[in-house]
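# Structural features, examined
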Amino acid sequence: MADEFRIDGCHGTIAEQKDEAFYDDRSDASDDEEKGKIKFPTKLYGREKELLRLGQLYAELLAGDGNDAGGDEVIAKNSQLVFLSGYSGVGKSALIKEFVKQLRNSKNGYIKNSNNFPIIFGAGKYSEQNSASSPFFAIIEVLEALAVELCDTKDNSDNINKQREKVWESIRQSELIGPRKDGDWILRATFPVLSPLLDSCVANEKGATEDLTAHPTMSAIKECTLQLLCAICGALDNPLIIFLDDLQWADEASIDMLNVLLTSSELKNVMFVCAYRSNEVDRDHSFSKLMDKVAKVDERMEKMELFTLSPTSITSFIADSVKKKEDADVIELSSAVYQTTMGNIFFTRQAIEELVRKNILFYDVMCFEWRWVVTKVELANNMSADVVESVLGKIRDLPGQIQELLCLMAYIPNALDVPTIRALMCRDGASYEESDVKDLLQQSSDEGMLLLVNPNWIFAHDRIRQASLKFAAEKSDSEECLLHISSVLLAEGTDREWCQYVAVDILNSLPVEKTDCCELIKLNLKVSQLARNSGALGKENVLLHKGLESLKSSGMPWKGDYYELTRQLYDALLVSEYSSGEYGRMTKLLVVLANFQET
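This write-up is about the structure you can find in this document. (Residues numbered from 1 in each chain as written. Predicted model: local features only at pLDDT ≥ 70, side-chain atom pairs only at ≥ 80, totals over all residues. Heavy atoms only, no water.)

### Digging into the environment of glutamate 474
Our working definition: The numbering of helices and of strands both runs from the N terminus, where a helix is a DSSP run of H or I of at least 4 residues and a strand a run of E of at least 2. Note on exposure labels: buried denotes an accessible area under 20% of the residue type's maximum, exposed denotes more than 50%, and partly exposed covers the range between, all computed with a 1.4 Å probe on protein chains only. Only heavy atoms enter the contact rule, under which two residues are in contact if any of them lie within 4.5 Å. Pairing of N or O atoms within 3.5 Å defines a polar contact, subject to two protein rules: one partner must be a possible hydrogen donor and the other a possible acceptor, and residues neighboring in sequence count only if both atoms are side-chain atoms.
Within the element layout of this structure, glutamate 474 appears in the loop between α21 (462–473) and α22 (478–492). Judged by its relative accessible area of 45%, glutamate 474 is partly exposed. Discounting residues that sit within four places of it in the chain, glutamate 474 has contacts with Leu392 and Arg396. A distance of 2.8 Å separates polar atoms of two side chains, one belonging to glutamate 474 and the other to arginine 396.

Pasting the structure below:
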């Protein structure tokens, strides 16, 4: 034996030292800091049955279009509607994301043959905030996604180019929405996000250069939107997939629009998936009434309910998260987590992260593995039953700049691009380059707080936004923060209507002394007109009454510079009350005007 491995006075030898990789066969072992961060798998757990059923429904659409979809007993259909229900955090959006991913990768077992043409997908999501602000919120997101996918020149493969040309030609041939037609102008006025797509349909020139002589009616908006989707779907070789999420928060105008789209016999070669929280939609809810109406006229409708995951699926998820090869190794941990979360996958993630933050679940750098050394009871006692409080605890432990980022984004229901986020972050003397903002966004994504949906950023879940709002409300400068956000959005909102909707709602929520009454009245008038143009009469009425409140608080009705503003406001209110059928309130306004005329 070599002398260099022998120590005098000791029995045996010391083996030649190897590097860490020799003893730890995990190739992903990096530094200790990274090892101490839990990394959840991206795999979808426990949804095989639902994925198979969605694949079967899509195959039926392909068969209806004359394509070979494969599978047994495939029934041909022209369109498909799925109402997907489940509690918050149960994984509805993750299911659809995985479904589309499998279709695009030809991995869905029910579809045996692919025609190599792209599968076009558009998704939109409502929230409590945006349903009270801009009308058609999720529908606009869907239309924007379709416009981007059908105009994006980054992918120039032959198949996608053929699909684009067919769609453009289909729109050109439309008698209602073709170039220079009335419908073209209506779509541009109501949905500016469609302009790139509509411009692409016109060779060597822009599409609409004229303005509408009259504001479009809701009926015209609905008909033009229907014809646009008919033109797109009719030109595609594979059925279009449209996913609308959190429809329990859909605004009145959106429900009115969906009433047409989901019951139309003209719209073919499309699969609608409409997701909602079953515990927040009762029999009197407008969306529940819409589902009842659709069920009476459409036998193709399918209801699918997602339940929480089974203990077995949660155990597999946790075992993969803590890098255990056998599920049996995490039975005690998964049992405690399941007892707290009841199989809700989002709540499960937050519970695991909470245990890591409290160092109950930790990465042992000596043994190179995740460990816990407490009982099942102690595990359960260290997990919050309130998921928002759990997320809030995580936010409090994040760096200050990420906290600031989350607070600013929490007040805005829309997806945000990097330049807008940078403008929001630059306040109180702070200065950021776009590269700095991108780094912060990536860090937030690594922490599971935000998601990148190119080119915009959104919260990973509504509960994270709720927790961020709660954290923002705890700060002493929340009103100054809101004023800053509104000023940035108004500056950005010259070509983005949603910025003006969000800004006016923020300013209307602030105390009177924090705002300029005259400017706020003007803004309410301006945005109320945008709402009316979009057919959102309810939103128009709310904004005009907010303007009236500001006018009264100013103490200046019919005085000085406020005279013309007062007249415009009352004129708009009279029209709004009449259009909404509120004849009693209209009469009261007329009495006010008559009394003023007498004095």
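### Comments concerning the packing of aromatic side chains
The geometry of an aromatic ring pair is captured by two quantities: the separation of the ring centres and the angle between the planes. Definition in use: A pair of Phe, Tyr and Trp rings is counted when the ring centres sit within 6.5 Å of each other, with Trp represented by its six-membered ring. The angle between the planes then sorts it: under 30 degrees is stacked, over 60 is edge-to-face, the rest tilted.
Counted by the stated rule, this structure contains nine aromatic pairs. Arranged with centres 5.7 Å apart and planes meeting at 85°, the rings of phenylalanine 83 and phenylalanine 287 form a pair that is edge-to-face. A residue pair is termed long-range when its members are at least 10 positions apart, and phenylalanine 83 in strand β1 (residues 79–85) and phenylalanine 287 in helix α12 (residues 286–297) qualify at 204 residues. By relative accessible area, which is 1% here, phenylalanine 83 ends up buried. Among the aromatic residues, those joined into a ring-pair cluster are Phe40, Tyr45 and Phe317.

### Notes on the environment of leucine 551
Positionally, leucine 551 belongs in helix α25 (residues 537–554). In this structure leucine 551 comes out as buried when scored by relative accessible area, which is 1%. Counting along the chain gives eleven residues from leucine 551 to tyrosine 562, while the straight-line C-alpha distance between them is 8.4 Å. With sequence-adjacent residues up to four places away left out, leucine 551 is seen in contact with Ile521, Met556, Pro557, Tyr562, Thr566, Leu569 and Tyr570.

### Some points on the pattern of salt bridges
Where charged atoms of side chains with opposite charge meet at close range, the side chains can pair. Basically, it comes down to this: What makes a salt bridge here is a side-chain nitrogen of Lys or Arg within 4 Å of a carboxyl oxygen of Asp or Glu, nothing more.
With the rule as written, the count across this model stands at 32 salt bridges. A salt bridge links arginine 188 to aspartate 184, with the nearest nitrogen and oxygen atoms 3.0 Å apart. Here arginine 188 pairs with aspartate 184, and both are found in helix α8 (residues 182–190), just four residues apart, close to one helical turn. You can call arginine 188 buried: its relative accessible area is 13%. With relative accessibility at 2%, the residue aspartate 184 sits in the buried group. For glutamate 519, the salt bridge goes to lysine 522, with nearest N and O atoms at 3.8 Å. Of this pair, glutamate 519 and lysine 522 both sit in helix α24 (residues 517–533), three residues apart, which is roughly one turn of that helix. Judged by relative accessible area, which is 44%, glutamate 519 ranks as partly exposed. By relative accessible area, which is 42% here, lysine 522 ends up partly exposed. Residues participating in the shared-partner salt-bridge network are Lys125, Asp245, Asp246, Arg277, Glu280 and Asp462.

### Quick look at helix α26 (residues 562–579)
Put simply, the rule is: Multiplying 1.5 Å by the residue count of a helix minus one yields the expected span of that helix.
Taking 1.5 Å per residue as the helical rise, α26 with its 18 residues ought to reach 26 Å, and the 26 Å between its terminal C-alpha atoms agrees with that figure. Residues Tyr562, Leu565, Thr566, Leu569, Tyr570, Leu573, Leu574, Ser576 and Glu577 constitute the buried set of α26.

### With respect to the sheet that holds β1
Counted only if it meets this: Whether two strands pair depends on DSSP finding at least two bridges between them. Fitting a line to C-alpha atoms yields each axis, with helices limited to the stretch in contact; the angle taken between N-to-C directions then spans 0 to 180 degrees.
Here five strands make up an open sheet; going across it, the order is β2-β3-β4-β1-β5 and the pairing parallel. Whereas interior strands pair on both sides, the edge strands pair on one side only; in this sheet they are β2 (121–125) and β5 (301–305). Direction aside, the axes of adjacent strands within the sheet are offset by 15° on average. In terms of strand pairing, β1 meets strand β4 (residues 270–276) through seven bridges, oriented parallel. Residue pairing in the sheet places serine 85 in a bridge with tyrosine 276 of β4. Helix α3 (residues 48–64) contacts β1, β3 (240–245), β4 and β5 of the sheet and is inclined by roughly 160° relative to β1.

### Let's talk about the pairing of β3
Among the six residues that make up β3, six are buried, leaving the element largely enclosed by the rest of the structure. Because side chains alternate across β3, one face comprises the buried residues Leu240, Ile242 and Leu244, and the other comprises Ile241, Phe243 and Asp245, equally buried. Sheet topology places β2 next to β3; five bridges connect them, and they run parallel. Across the sheet, residue glycine 122 finds its bridge partner in β3, namely isoleucine 242. Pairing between β3 and β4: five bridges, direction parallel.

The values are spatial; any link to function lies outside them.
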